[in-house]
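Okay, here's what each chain looks like letter by letter:
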Amino acid sequence: MSKFKQKSKGGAPKINTSSMPDIIFMLLFFFMVTTVMRDVELKIKLRLPQDISEAKKIEKKSLVSYIYVGEPKPQFQKIFGTEPRIQLNDAFAKLSDIQAFIEKERAARPESDIPFLTTSLKVDVNTKMGIITDIKQELRKANALKINYSSRNKPKM
Amino acid sequence: MAKRGIPEINAGSMADIAFLLLIFFLVATTMDVDSGLMRRLPPWIDEKTEKPPEVKKRNVFTVLINANNQLLVQNEWGDIRQLRKKAKEFIENPKDDPNMPEKKIKDIPFFGKYPVSEQVISLQNDRGTKYEMYLKVQNELVAAYNELRNELALKKFGKEYSKLSQAQQEAINMIYPQRISEAEPKNIGGKK
């Protein structure tokens, strides 16, 4: 009988968890390498256009400044209304702020990089072209001529 | 003096620390790749002192988009699905149609003397046009150029355009230069 006694005593066997940190670290490094830091908190509803077949991947993210355009999110609609608005960095902005914004972006980068600066327009699909045209005119005045209409699809390799 | 080993460090909480870091990175970062349609704006001209160069009517391919997101291609009601085909036909002008752009013989590296069409695509939209529609039209026009370039690259070099050397790409760009001109938008569609 004593042969079987020990077995019934055992209960669930303990799982060795000593390699758990290694697994988690592996995951951690994977995410650290594949992702980028979230740069701004969006204050607008943003649904980027899809199925843009000729879209290209932006190679150097450090040379890109972003202009967001879209309808303010519900919590901001009381103050800013429902008309599409421009967001620069973390705040809503006026059209006249764009030139100053571009100047600031330029000042933050080495002079040799300035000709390669790109402005990425992240615009909600439901926006009307009126405001986009105004932004484009401001960008022309600021001599920021390289622009990128941001889209959502995966670029061709 | 008895040799004492290094005391073992309790690594039980290591997993928790790693988890904490992992969750921080999951929340604070994004994975999406930035992609989009690259375009170049024309430089700002203060006053319209210079007259724009005269362009013959047969050389211009007009695309209009109204406030209801409808297309008018060469004065005909158009469909976005046919826009690419129409634009390609216009740019290439394979049959030397007198209503389509004229060609000038130019000296081009790799190709020698080659007839280059004098095409210009003119795009005009309304202030009420939806951004999505505008971008789709832009995309179709850029795609028309890219397809033509690709076809020529395959015919001449037997390789895709993207795999050509820079000099070869430039030669093809000289044959099919991307000329998309955007006119000032109209405001016929009423309110912004």
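Trainee: Hey, could you go over the side chain of Ser120(A) for me, with residue numbers and the actual values?
Mentor: Residues and elements named next belong to chain A. Looking at the element boundaries, Ser-120 is found in strand β6 (residues 118-123). We classify Ser-120 as buried; its relative accessible area is 0%. Leaving out residues up to four positions away in the same chain, Ser-120 has contacts with Ile-58, Val-64, Ser-65, Tyr-66, Ile-67, Asn-148 and Ser-150.

Trainee: Describe the interface of chain A and chain B, naming the residues involved and giving the relevant values.
Mentor: In this complex, chain A contributes 56 residues to the contact, which on the side of chain B involves 49 residues. Summing both sides of the interface, chain A and chain B together bury roughly 4900 Å²; the carbon and sulfur share of this comes to 63%. Scanning the region where chain A abuts chain B turns up two salt bridges. Here Arg127(B) and Asp134(A) are joined by a salt bridge, their closest N and O atoms 2.8 Å apart. At the surface where chain A touches chain B, the tally comes to 22 residue pairs in polar contact (both at pLDDT 80 or more). When residues of the side of chain A that touches chain B are traced back to their parent elements, those giving at least two are α2 (20-34), β1 (36-37), β2 (56-57), β6, α5 (129-141) and β7 (146-151) of chain A. With 11 residues, α5(A) is the largest single contributor of residues to the side of chain A that touches chain B. The residue inventory of the side of chain A that touches chain B, partitioned by class, reads 28 nonpolar, 14 polar and 14 charged. Strand direction decides the pairing type here: β1(A) and strand β1 (residues 29-30) of chain B, joined by two bridges, are antiparallel. The partner of Met37(A) across the bridge, within β1(B), is Thr29(B).

Trainee: Report on the environment of Gly81(A), specifying residues and quantitative values.
Mentor: Residue and element names in this part refer to chain A. Mapped onto the elements of the fold, Gly-81 is located in the loop between α3 (77-80) and β4 (85-88). A residue is classified by how much of its surface remains accessible, and Gly-81, at 26% relative accessible area, is partly exposed. In this structure Gly-81 touches Pro-72 and Phe-76, once residues within four positions along its chain are discounted.

Trainee: Residue-level account of the pairing of strand β3 (residues 60-65) of chain B, with values.
Mentor: All names here are of chain B. When β3 meets strand β8 (residues 120-125), the two strands line up parallel, connected through six bridges. Directly across from Thr-62, in β8, lies its bridge partner Ser-122. As defined by bridge partners, β3 adjoins strand β4 (residues 71-73) across three bridges and the pair is classed as antiparallel. Across the sheet, the residue bridging to Ile-65 is Leu-71, located in β4. What sits between the antiparallel neighbours β3 and β4 is a turn of five residues, in which Asn-69 has the positive phi angle 60°.

Trainee: An account of helix α4 (residues 97-107) of chain A is needed here, citing residue identities and associated values.
Mentor: Residues lying three or four places apart along an α-helix face the same way, a consequence of the helix completing one turn every 3.6 residues. Residues and elements named next belong to chain A. The complete set of buried residues in α4 reads Ile-98, Phe-101, Ile-102, Glu-105 and Arg-106. Along the long axis of α4, the arc covered by the buried residues comes to 135°, so they all point the same way. Exposed and facing more than 90 degrees away from the buried side of α4 are Lys-104 and Ala-107. Looking at the buried residues of α4, the elements they touch are β3 (64-70), β4, β6 and α5.

Trainee: A description of the packing of aromatic side chains should follow, citing residues and the corresponding values.
Mentor: Between two aromatic rings, the relevant description is the distance of the centres plus the angle of the planes. A full pass over the atoms with the stated rule returns 12 aromatic pairs over all chains. Both rings, one in Phe76(A) and one in Phe92(A), keep their centres 5.9 Å apart while their planes meet at 75°; by these two values the pair is edge-to-face. Of this pair, Phe76(A) sits in the loop between β3 and α3 while Phe92(A) sits in strand β5 (residues 91-93), placing them 16 residues apart in sequence. The pair formed by Phe76(A) and Phe92(A) is uniform in burial state, with each residue classed as buried. Measuring from centroid to centroid gives 6.0 Å for Phe111(B) and Phe157(B), while their planes differ by 80°, and the two rings are edge-to-face. On the criterion of sequence distance, the pair formed by Phe111(B) in the loop between β6 (103-108) and β7 (112-117) and Phe157(B) in helix α3 (residues 131-157) is long-range, its members being 46 residues apart. What makes Phe111(B) buried here is its relative accessible area of 14%.

Trainee: Please set out the sheet that holds β2(A) residue by residue, giving values where relevant.
Mentor: Strand order in this open sheet of seven strands is β2(A)-β2(B)-β7(A)-β6(A)-β3(A)-β4(A)-β5(A), and the pairing throughout is mixed. Sheet topology places β2 and β5 of chain A at the edges, where each strand pairs with a single neighbour. Sheet topology places β3(A) next to β6(A); six bridges connect them, and they run parallel. Among the inter-strand pairings, Tyr68(A) is bridged to a residue of β6(A), identified as Lys122(A). Its contacts with the sheet place α4(A) against β3, β4, β5 and β6 of chain A, and it is angled at close to 155° to β3(A).

Trainee: Can you tell me about a nonpolar patch on the surface, naming the residues and giving the values?
Mentor: Judged by side-chain polarity, Met20(A), Phe19(B), Ile23(B), Leu26(B) and Val27(B) come together as a nonpolar surface patch covering roughly 430 Å² of accessible area. Within the secondary structure, Met20(A) is located in helix α2. A relative accessible area of 35% places Met20(A) in the partly exposed class.

Parameters at a glance
- Residues numbered from 1 in each chain as written.
- Chains lettered and ligands numbered in written order.
- Predicted model: local features only at pLDDT ≥ 70, side-chain atom pairs only at ≥ 80, totals over all residues.
- Heavy atoms only, no water.
- Helix = DSSP H or I, 4+ residues; strand = E, 2+ residues; numbered from the N terminus.
- Buried < 20%, exposed > 50% of the residue type's maximum accessible area, 1.4 Å probe, protein only.
- Contact = heavy atoms within 4.5 Å.
- Buried area = accessible area lost by both parts, 1.4 Å probe.
- Salt bridge = Lys/Arg side-chain N within 4 Å of Asp/Glu carboxyl O.
- Polar contact = N/O pair within 3.5 Å; in protein donor to acceptor, adjacent residues only side chain to side chain.
- Nonpolar A, V, L, I, M, F, W, Y, C, P; charged D, E, K, R; others polar.
- Pairing = 2+ DSSP bridges.
- Arc of directions from axis to C-beta.
- Phe/Tyr/Trp six-rings, centres within 6.5 Å; stacked < 30°, edge-to-face > 60°.
- Axes fitted to C-alpha atoms, helices over the stretch in contact; angles between N-to-C directions.
- Patch = residues over 30% accessible without salt bridge, like charges linked within 9 Å, V, L, I, M, F, W, Y side chains within 5 Å.
- Areas by Shrake-Rupley, 256 points an atom, 1.4 Å probe, with all protein chains shown as cover.

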